[in-house]
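Here is how the chains run, residue by residue.
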Amino acid sequence: MRIPLSTLRIIVLLCVFAATVLFFASQIDGYLNARLFNRISGSVAVIALIAVGQAFVVLTRNIDLSIGSVVGCTAYFTGGILMVYPNLPPLLVPLLAMLIGAMFGALNGFLVARFRLPSIIVTLATLAIFRSVLVQSSDGSSITTERLPVWLTSFATQNAFSIGELQMRWIVVISVVVVLVAHVFLTRFRAGRQFFAIGSNPDAAAFAGINAGRTIFLAFVISGALAGLAGFMFLSRFGNITVVAGLGLELKSVGAVVVGGVNIFGGSGNVLGVLIGAALIDVIDTSLVRWEVVSEFWREAVLGLLILTAVAADTMLMRRLLKRKTDGGQQ
């Protein structure tokens, strides 16, 4: 019985995740406890959302480097709106954050899809532009916890349910639900499979009647909207938001995507793997802070090395599979 490649990747990722946790548990005293789970799960909830949005973009052979700036802008602007209108219905606020994020994503998508500009250049530019907009509009001021509604600042610590001392918070539940919805959409619906088709073979997709420009535009809008939702959660978790909010999240999102098994060249991947990749990235990032052997200045280097290793492994794997397929076809 052959195990599908996507399932095999998930199994390997879970084994790597378990091995990583056990390694740090052997190096750090008192590592395995409920407090670690509660802290990391909240952080993973934010990273997983932006990583899933990034996955939609990467599947179409593009990349969104502005996603960290979108999270920062959304968190700041949403907080600013709530300071002026504190009585907004709670259910409306995350939708408003998603709308703000989607507008940023739509700008990226328009530039890439309409003018066929390289996404890495477009989003590298908008990364700086969006951050500059945030700096200019904020005039150097910060969003502070005491000026936000109580329900917002307490939302990040509210539990959906608990298992012993393990607290499953609502932000984690929401993030997992989004991942599952994205997985079902991409694997069970024709509109979702179009993202794979565009990244796998653009010419064949065009011949099949798939509108590449529209699909790429939609991918960036989804990425922006999920970054907006992540911005709402970021605001709820930290409360105090400065102009550097979200800085560096673009690297973590790309890391979670490629480590999670999404081909950086587009056309293949699994968002369930992206969720595990996000958890692995955050476990390593958080654990390195407590591991005295490695200086905290090497954290970004370790993350970069992990991304490089994942891309190299995925490239070699795809080449071997392609060679096997070619050899099998010749026989």
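Notes on the structure in this doc start here.

1. Regarding the overall build of the chain
Line of reasoning, step 1. Check the secondary structure of the chain and you find 13 helices and two strands.
Line of reasoning, step 2. Here the C-alpha radius of gyration of the chain, 20 Å, is about what a compact globule of 331 residues would show, namely 20 Å.
Line of reasoning, step 3. Dimensions of the chain along its principal axes, counting C-alpha atoms only, are 70 × 50 × 35 Å.
Line of reasoning, step 4. Residues classed as buried in the chain amount to 47% of the 331 residues present.
Line of reasoning, step 5. Sequence-distant contacts in the chain: of pairs separated by 6 or more residues, those separated by 24 or more amount to 77%.

2. Observations regarding helix α5 (residues 119-138)
The periodicity of an α-helix, 3.6 residues per turn, causes residues three or four positions apart to be oriented the same way.
Line of reasoning, step 1. If you check α5, its first and last C-alpha atoms are 28 Å apart, about what 20 residues at 1.5 Å a residue would give, namely 28 Å.
Line of reasoning, step 2. Those residues of α5 not exposed but buried are S119, V122, T123, T126, F130, R131, L134 and S138. End-on view of α5: buried residues confined to an arc of 155 degrees, all on one side of the axis. Exposed positions of α5 whose direction lies more than 90 degrees from the buried face are I121 and Q136.
Line of reasoning, step 3. On its buried face, α5 is in contact with α3 (67-84), α4 (92-115) and α10 (212-238).
Line of reasoning, step 4. Positive phi shows up at D139, right after α5, with a value of about 55 degrees.

3. Some words on the packing of helix α2 (residues 34-59) against helix α7 (residues 170-188)
Line of reasoning, step 1. Running from amino to carboxyl end, α2 crosses α7 at an angle of 20 degrees, the nearest separation of the two axes being 8 Å. With respect to their mutual orientation, α2 and α7 come out roughly parallel. Viewed along their axes, α2 and α7 form a crossing whose handedness is left-handed. Counting all contacts with α2, which are made through S41, G42, A45, A48, L49, V52, F56 and L59, the residues of α7 involved are I171, V172, S175, V178, V179, A182, F185 and L186.
Line of reasoning, step 2. For the contact of α2 with α7, a count of residues per class yields 13 nonpolar, three polar and no charged.

4. Thoughts on the nonpolar core
Nonpolar side chains tend toward joint burial in soluble globular proteins.
Line of reasoning, step 1. Ranked by size, the top nonpolar core spans 91 residues in total, and within it V52, F56, F232 and I241 carry the most contacts.
Line of reasoning, step 2. When sequence neighbours within four positions are dropped, the list of residues in contact with F56 reads A182, F185, L186, F195, A219 and I222.

5. Looking at the pattern of salt bridges
Line of reasoning, step 1. Applying the stated criterion across every chain yields a total of one salt bridge.
Line of reasoning, step 2. A salt bridge links K252 to D285; the nearest nitrogen and oxygen atoms lie 2.8 Å apart. Of this pair, K252 sits in helix α11 (residues 249-259) while D285 sits in helix α12 (residues 271-290), and the two are 33 residues apart along the sequence.
Line of reasoning, step 3. A relative accessible area of 12% places D285 in the buried class.

6. Topic: the packing of aromatic side chains
Line of reasoning, step 1. Scanning the entire structure with this criterion turns up 13 aromatic pairs.
Line of reasoning, step 2. Centroid distance F234 to F238: 4.7 Å. Interplanar angle 50 degrees. Geometry classified as tilted. With F234 and F238 both in helix α10, this residue pair falls four residues apart, about one helical turn.
Line of reasoning, step 3. Assessed through its relative accessible area of 42%, F238 is described here as partly exposed.
Line of reasoning, step 4. Positioned over the ring face of F115 is R114, at 5.7 Å from the centre of the ring.

7. Quick word on unusual backbone geometry
Note: most residues except glycine have negative phi, and most peptide bonds are trans.
Line of reasoning, step 1. The phi torsion at R61 lies on the positive side, around 70 degrees, for a residue other than glycine.
Line of reasoning, step 2. Residue position: R61 is located in the loop between α2 and α3.

8. Considerations on the environment of L280
Line of reasoning, step 1. Tracing the sequence through the fold places L280 in helix α12.
Line of reasoning, step 2. Measuring from C-alpha to C-alpha, the distance between L280 and A256 comes to 7.8 Å, with 24 residues separating the pair along the chain.
Line of reasoning, step 3. Ignoring sequence-local partners within four residues, the contact set of L280 consists of V16, F17, T20 and V259.

9. Some remarks on the environment of W291
Line of reasoning, step 1. Inspection of the secondary structure puts W291 in the loop between α12 and α13 (299-330).
Line of reasoning, step 2. Separated by 267 residues in sequence, W291 and F24 place their C-alpha atoms 7.8 Å apart.
Line of reasoning, step 3. Every residue in contact with W291, bar those within four places of it in the chain, is listed here: F23, F24, Q27 and I28.
Line of reasoning, step 4. Separated by 3.4 Å, the side chains of W291 and Q27 make a polar contact.

10. Quick look at helix α1 (residues 5-27)
Line of reasoning, step 1. Between its first and last C-alpha, α1 extends 33 Å over 23 residues, near the 33 Å set by a 1.5 Å rise per residue.
Line of reasoning, step 2. Every buried residue of α1 is accounted for by R9, I10, L13, T20, V21 and F24.

11. Some thoughts on the side chain of E250
Line of reasoning, step 1. Mapped onto the secondary structure, E250 falls in helix α11.
Line of reasoning, step 2. No salt bridge is formed by the buried E250; the nearest opposite charge belongs to R131, separated by 5.4 Å.
Line of reasoning, step 3. There is a polar contact of 3.1 Å between the side chain of E250 and the backbone nitrogen of G248.

12. Re the packing of α7 against helix α8 (residues 190-200)
Line of reasoning, step 1. Where α7 meets α8, the axes come as close as 5 Å, and the angle between the chain directions of the two elements is 80 degrees. Taken together, the axes of α7 and α8 lie roughly perpendicular to each other. Taken together, the residues of α8 that come into contact with α7 (itself represented by F185, L186, T187 and R188) are R190, A191, G192, R193, F195 and F196.
Line of reasoning, step 2. When grouped by side-chain class, the residues that make up the contact of α7 with α8 number five nonpolar, two polar and three charged.

Each value, and the rule that gives it
- Residues numbered from 1 in each chain as written.
- Predicted model: local features only at pLDDT ≥ 70, side-chain atom pairs only at ≥ 80, totals over all residues.
- Heavy atoms only, no water.
- Helix = DSSP H or I, 4+ residues; strand = E, 2+ residues; numbered from the N terminus.
- Rg over C-alpha atoms; globule rule 2.2 N^0.38 Å.
- Buried < 20%, exposed > 50% of the residue type's maximum accessible area, 1.4 Å probe, protein only.
- Contact = heavy atoms within 4.5 Å.
- Expected span 1.5 Å × (residues − 1).
- Arc of directions from axis to C-beta.
- Axes fitted to C-alpha atoms, helices over the stretch in contact; angles between N-to-C directions.
- Parallel < 35°, antiparallel > 145°, perpendicular 65-115°, else oblique.
- Left-handed = near helix turned anticlockwise from the far one by under 90°.
- Nonpolar A, V, L, I, M, F, W, Y, C, P; charged D, E, K, R; others polar.
- Core = buried A, V, L, I, M, F, W, Y, C linked by side-chain atoms within 4.5 Å.
- Salt bridge = Lys/Arg side-chain N within 4 Å of Asp/Glu carboxyl O.
- Phe/Tyr/Trp six-rings, centres within 6.5 Å; stacked < 30°, edge-to-face > 60°.
- Lys NZ or Arg CZ within 6 Å of the ring centre and 35° of its normal.
- Polar contact = N/O pair within 3.5 Å; in protein donor to acceptor, adjacent residues only side chain to side chain.
- Lys, Arg positive; Asp, Glu negative; His and termini not counted.

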